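Structural overview
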Amino acid sequence: MEKKGSLLKEQYELLINGEHVPSSSGEYFDTYNPATEEAIARVAKATREDVDRAVSAARNALENSKWARWPASRRGQILNRIALIMRERFDELVELEVLNSGKALSAAKGQVMQAIEDFELYAGAVTTIAGATKPVPSGFFHYTVKEPIGVCAQIVPWNYPLMMAAWKVAPALAAGCTIILKPASLTPLTALVLADICHEAGVPAGVINVITGSGADVGAYLTEHPGVDKVAFTGETTTGKDIMARASETLKRVTLELGGKSPNIVFEDADLEAAANGSVFGIFYNTGQSCEARSRLFVHESVYDAFLERFVEKTKKLKLGNPLDESTQVGALISQGQWDTVHSYVQLAKEEGARVLYGGKRPEGEAFAKGHWYEPTILVDVTNDMRVAQEEIFGPVVVVIKFKDEKEVIQLANDSIYGLAAALWTKDFSRAHRVAGQLKAGVVMINNPFSTFPGLPFGGYKQSGFGRELAIESLELYMETKSVLSYV
Ligand code: NAD
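Residues numbered from 1 in each chain as written. Predicted model: local features only at pLDDT ≥ 70, side-chain atom pairs only at ≥ 80, totals over all residues.

1. A look at the site of the ligand
Taken together, 33 residues sit near the ligand, with Pro 157, Gly 215, Gly 219, Gly 235 and Cys 291 positioned nearest. Of all the secondary-structure elements, those providing two or more residues to the shell around the ligand are α7 (215-224) and α8 (237-248). If you tally residues by element for the shell around the ligand, the top one is α7, at five residues. Here the residues of the shell around the ligand sort into 15 nonpolar, 13 polar and five charged. Among the domains, domain 1 (11-258 + 464-483) and domain 2 (263-446) are the pair contributing at least three residues each to the shell around the ligand. (Near = placed C-beta within 6 Å. Helix = DSSP H or I, 4+ residues; strand = E, 2+ residues; numbered from the N terminus. Nonpolar A, V, L, I, M, F, W, Y, C, P; charged D, E, K, R; others polar. Domains from an automatic or database assignment.)

Shown next, in the form of structure tokens:
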């Protein structure tokens, strides 16, 4: 674990107007490796004055660089170059992500690859940016033009640090916007490196700026800043509400990708082996720190015992350990704070009458003495009204709930303030699509545990947010449509 990736430096500065600059206060904060608790780098702690500088740089680049006025295909070329450099530095990016997040190497590899593919997708998608002419009364001529929304504040969480940054940066660049990116304080490193790669690929100075520091201070300040036109945020639902309120003062465009408590339904006719494998992945991937984690597992009463036996067996076999080890499947939690939250929910579950079927504590052994390790945890005897079934835990904890029939499980699955994702397992094709149609979720997975590909829209219903990430849908949300009407 002492090994330092070549992208890991002792100290990182802010990135404003194409230059690495210290914070105006000269202050730094430490960033850690969650698997070992060792400090791995010092990072500049931005002030509000730094935010002002970053917003001015982004505004200046929007209005005075050619970025927004270039033919879209030229921006596409640069996006391709970004992807190419990321491919060349793939192993280093993966290593840096693992060191700063504690996630398993295998998970980081998939996420870095998806980040690369996002840039490739939008490199092509720029060719779809087009206006239109609409029928108008004779004597008139009309056309529409797509224009970049402008200066965008992009605020991302710690669970997928690079991938979440790519989901936001790639479509914004494709649209011709300029950016102030704010990574989570716990995981700032790969976002900083991504911005360097953007410059290396030819993105002009000021088009992408990175501010590192406290969400409650500089993050909040960014969201109310009059120089910002749009806020794209991924994080907790409570933070999303705060951001929406602040952004409303100047009516900024807002997209919110928020929390979830996604249902995972195993019907009586499911392929139990596939369902058990998919359900283990669905909750324990990324140590359960996924917005789309399928954390409410509904199992039909007639297959409850048979399914649970397989599910527990497979959970027990998950390999926890050094996140840089190829064979590790479950990494560490991000922080002591997150560990305490997860553990307090397990304690709460017991008080609510649930039973810990597996897990519920720090794994045993010398390897787990340091670092924020938590066993994959299965809670049974849970009802959907318990807090552990309603609140997002954001850790490797699944609640299992028995159901009797399709109508009941649809009602239970939808009985949540969230609506990000849902999964279902059945061999009955008609039922699969009938149920998918009734689930209040932005993404539905049928007999499959994967929820995202760059070309598919991703986002929530209800308090899981609004707007969509990825695909053409996200690109559209970085553009305004101007309608031009003239006499001929
Ligand atoms: P968080 O809300 O605490 O922080 C997210 C980001 O917002 C960080 O960069 C943080 O510094 C910043 N921030 C915090 N307070 C702020 C404020 N008042 N104003 C502006 N910025 C502020 O979330 P987190 O703990 O980093 O991430 C976990 C959450 O993210 C979970 O709820 C998870 O479900 C959600 N998430 C959602 C998606 C999705 O696509 N729907 C994807 C990943 C994570």
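Read on for the rest.
2. A short note on the sheet that holds strand β15 (residues 377-380)
Taken in spatial order, the seven strands of this open sheet run β14-β15-β16-β13-β12-β18-β19, and their pairing is mixed. Here the strands that pair on one side only, and so sit at the sheet edges, are β14 (355-358) and β19 (443-446). Between one strand axis and the next, the sheet turns by 25° as a mean value, whatever way the strands run. The pairing of strand β18 (residues 421-425) with β19 spans four bridges and is classified as parallel. When the sheet's bridge partners are listed, Ala 423 is paired in β19 with Met 445. Together, β14, β15 and β16 (397-403) form the strand contacts of helix α11 (residues 336-352), whose direction differs from that of β16 by roughly 30°. (Pairing = 2+ DSSP bridges. Axes fitted to C-alpha atoms, helices over the stretch in contact; angles between N-to-C directions. Contact = placed C-beta atoms within 7 Å.)

3. Digging into the confidence of the model for the chain
Confidence in the prediction of the chain, expressed as mean pLDDT, is 97, and 99% of residues score 70 or more. Under the prediction, the complex receives an ipTM of 0.94, its pTM being 0.97. (pLDDT = per-residue confidence, 0-100.)

4. Remarks on the UniProt feature "domain: Aldehyde dehydrogenase" (unreviewed entry) in the chain
Residues annotated by UniProt as "domain: Aldehyde dehydrogenase" (unreviewed entry) correspond here to residues 21-484. Annotation note: span residues 21-484, helix share 41%, strand share 20%, distance between end C-alpha atoms 42 Å. (UniProt positions renumbered as here; feature names shortened; annotations may be inferred.)

5. Section: helix α2 (residues 72-88)
Across its 17 residues, α2 extends 25 Å between first and last C-alpha, which sits within 8% of the 24 Å expected from 1.5 Å per residue. Those residues of α2 that sit buried are Arg 75, Gly 76, Ile 78, Leu 79, Ile 82, Ala 83 and Met 86. Each buried residue of α2 lies within a common arc of 160° when the element is viewed along its axis, so the set occupies one face. Away from its buried face, by an angle of more than 90 degrees, α2 presents the exposed residues Ser 73 and Glu 88. Tucked into the core, α2 has its buried residues touching α3 (90-101), α4 (105-125), α5 (161-175) and α6 (189-201). (Expected span 1.5 Å × (residues − 1). Buried ≥ 20, exposed ≤ 12 C-beta atoms within 10 Å, placed from the backbone. Arc of directions from axis to C-beta.)

6. Regarding the domain arrangement of the chain
According to the domain assignment, the chain contains domain 1 (11-258 + 464-483) and domain 2 (263-446). Placing a centre on the C-alpha atoms of domain 1 and another on those of domain 2 gives a separation of 31 Å. Listed per partner, the contact involves 17 residues of domain 1 and 25 residues of domain 2. When residues of the side of domain 1 that touches domain 2 are traced back to their parent elements, those giving at least two are α3 and α4. For the side of domain 1 that touches domain 2, the leading source of residues is α4, giving three residues. Grouping the amino acids of the side of domain 1 that touches domain 2 by side-chain chemistry returns eight nonpolar, six polar and three charged.

7. Here we look at the nonpolar core
In this structure, Leu 79, Phe 119, Tyr 122, Val 169, Ile 179, Leu 379 and Val 400 are the most contacted members of the largest nonpolar core, which totals 158 residues. Sort the elements by how many residues they give to this core and α5 lands first, with twelve residues. Taken together, domain 1 (11-258 + 464-483) and domain 2 (263-446) each give at least three residues to this core, which thus spans both. Those residues within four positions of Ile 179 in sequence are excluded, and the remaining contacts are Ala 58, Cys 152, Gln 154, Val 169, Ala 172, Val 207, Ile 208 and Asn 209. (Core = buried A, V, L, I, M, F, W, Y, C linked by C-beta atoms within 7 Å.)

8. Looking at the UniProt feature "active site" (unreviewed entry) in the chain
Within this numbering scheme, the UniProt entry marks Glu 257 as carrying the feature "active site" (unreviewed entry). Residue placement: Glu 257 occurs in strand β11 (residues 253-257). C-beta crowding within 10 Å serves as the criterion here: with 27 such atoms nearby, Glu 257 is assigned to the buried category. Here Glu 257 is in contact with Thr 234, Cys 291, Gly 459, Gly 460, Gly 465 and Glu 469, once residues within four sequence places are set aside.

9. Considering the packing of α4 against α5
Each packed pair of helices is defined by two parameters, the angle between the axes and the distance between the axes. Between α4 and α5, whose axes approach to 9 Å, the crossing angle comes to 10°. Taken together, the axes of α4 and α5 lie roughly parallel to each other. On α5, the residues touching Gln 111, Val 112, Gln 114, Ala 115, Asp 118, Phe 119, Tyr 122 and Ala 125 of α4 are Leu 162, Met 163, Ala 166, Trp 167, Ala 170, Pro 171 and Ala 174. Residue classes in the contact of α4 with α5 are distributed as twelve nonpolar, two polar and one charged. (Parallel < 35°, antiparallel > 145°, perpendicular 65-115°, else oblique.)

10. Here's the deal with the sheet that holds strand β5 (residues 38-44)
Ordered by their spatial adjacency, three strands build an open sheet running β1-β5-β4, and the pairing between neighbours is mixed. The open sheet has two edge strands with one neighbour each: β1 (11-12) and β4 (28-33). Relative to β5, β1 is paired through two bridges, and the arrangement is parallel. Looking across to β5, one finds that Gln 11 is bridged to Arg 42.

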